[in-house]
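A closer look at the structure
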Amino acid sequence: MNYKQPKKSPLLEVYDLQTWFPIKRGIMAKTVGYIRAVDIASLYINRGETLGLVGESGCGKSTLGRTLLGLEKARKGKILFCGKNILELNYRELRDIRRRMQIIFQDPLTALNPRMNIVDIITEGLVEFRLIQGTREDHAKRLMNEVGLDEGAMYRYPHEFSGGQRQRINIARALSLRPDLIVCDEPVSSLDVSVQAQVINLLMDLRDRYNLSYLFISHDLSVVSNIAHRVAVMYLGKIMEYGPTGDIINNPVHPYTKALINAVPRLDFEEIEHKRKRIILKGEIPSPSDPPSGCMFHTRCMEAMDICRERAPLETKSGLHGVWCHLVKSKY
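About the thresholds
- Residues numbered from 1 in each chain as written.
- Predicted model: local features only at pLDDT ≥ 70, side-chain atom pairs only at ≥ 80, totals over all residues.
- Heavy atoms only, no water.
- Axes fitted to C-alpha atoms, helices over the stretch in contact; angles between N-to-C directions.
- Helix = DSSP H or I, 4+ residues; strand = E, 2+ residues; numbered from the N terminus.
- Parallel < 35°, antiparallel > 145°, perpendicular 65-115°, else oblique.
- Contact = heavy atoms within 4.5 Å.
- Nonpolar A, V, L, I, M, F, W, Y, C, P; charged D, E, K, R; others polar.
- pLDDT = per-residue confidence, 0-100.
- Salt bridge = Lys/Arg side-chain N within 4 Å of Asp/Glu carboxyl O.
- Buried < 20%, exposed > 50% of the residue type's maximum accessible area, 1.4 Å probe, protein only.
- Expected span 1.5 Å × (residues − 1).
- Pairing = 2+ DSSP bridges.

At a minimum axis distance of 9 Å, the contact between helix H3 (residues 118-128) and helix H4 (residues 136-146) shows a crossing angle of 105°. Relative to H4, H3 is oriented roughly perpendicular. Contacts between H3 and H4 involve Ile118, Val119, Asp120, Ile122, Thr123, Glu124, Leu126 and Val127 from the former and Arg136, Glu137, His139, Ala140, Leu143 and Met144 from the latter. Within the contact of H3 with H4, the residues separate by chemical class into 8 nonpolar, 2 polar and 4 charged.

Per-residue pLDDT for the protein chain has a mean of 90; in total, 92% of the residues score no lower than 70. In the model, residues 1-6 has pLDDT below 50 throughout and makes 22 contacts with residues more than four positions away in sequence or in other chains.

Pairing between side chains of opposite charge can happen when their charged atoms approach one another. Per the stated rule, a full pass over the model turns up 13 salt bridges. For Lys238, the salt bridge is made with Asp39, and the minimal N-O distance between the two is 4.0 Å. Here Lys238 is found in strand S10 (residues 238-244), whereas its partner Asp39 is found in strand S2 (residues 30-45), with 199 residues between them in sequence. Residue class for Asp39 comes out buried when judged on its relative accessible area of 6%.

The α-helix advances 3.6 residues per turn, and as a result positions three or four apart in sequence lie on the same side. Compared with the 18 Å implied by 1.5 Å per residue over 13 residues, the 18 Å span of helix H5 (residues 163-175) between its first and last C-alpha is a close match. Among the 13 residues of H5, 10 are classified as buried, and the element is accordingly described as predominantly covered. When H5 is considered as a whole, its buried residues turn out to be Gly164, Arg166, Gln167, Arg168, Ile169, Asn170, Ile171, Ala172, Ala174 and Leu175. The inward-facing, buried residues of H5 contact strand S6 (101-104), H3, H4, strand S7 (181-185) and helix H6 (193-210).

Attention now moves to the sheet that holds S6. Strand pairs in the sheet, formed through backbone hydrogen bonds, run parallel or antiparallel to each other. The 8 strands lie next to each other as S6-S7-S8-S3-S9-S10-S12-S11, forming an open sheet whose pairing is mixed. The sheet is open, and its two borders are formed by S6 and strand S11 (315-318), each paired with just one other strand. Looking at each pair of strands side by side, their axes are set apart by 20° on average, direction ignored. Looking at chain direction, S6 and S7 are connected through 4 bridges and run parallel. Residue pairing across strands places Met101 opposite Leu181, the latter belonging to S7.

Set out below in structure tokens:
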């Protein structure tokens, strides 16, 4: 991916990343194919920046985020964190990097150990990395205050909290090690709308306060548009379009991006329906074990041409806005 390099070196750079899962069959568990969850994906994130990664469920967003953290094994590619390729680091070097890269999982309940109280949960990382100064209770109070929780509840267990409170606990745990990058894997998708806004505002406040970088994964463009500086649109393991949030939301280029934006509910839909053309995707995402030839999206694209079925598109750029689509001319 030949994107324009920022003046300062990015915190995270990903080049041609592949994460494939083998399909094994038979008594001997012979590999007969691969599920191409992430297939040649590239991106970068600057310090203090939020990159929104959007796409339908099953397109590889979460797998990409987990691969960046070492939770899934990359097949090939490069993941540069502060200039170091983490795929080539030894255990000791990788352990230090992992302290600086944390994750907030999608389901706030299953992400918490039901047998541990809140003090133990949010200070577990501090104990593991021997960063405790003072008592665990002192650290727990500080972290709970930072995420808007009552410190008097530190000895309670996860089931005694609401969904929004549990997600704040997850945020406190991720924040405890003072990371540089946090992968937010659909952190608000399971919450009520009013609680979603509170959690988004909390994440933005923490980002500005500690100069954090986020990879914010979501299928909801309306949520991403409120927190992300830039957006990357993913489909079937590949990046289809990327650019500043305003450009992606207001001037989408790829038909898939346009379809995602059209899918966002609008309260004033009846008044504006005649002013815009509805794009409704038909069919399901093809199997990542047998992806289509040419452009991955051509099986569902209403504007597909013969060349889309035969040859994968090359990147077309305009400033910081890039897109992979045969419909796009050299300038747009």
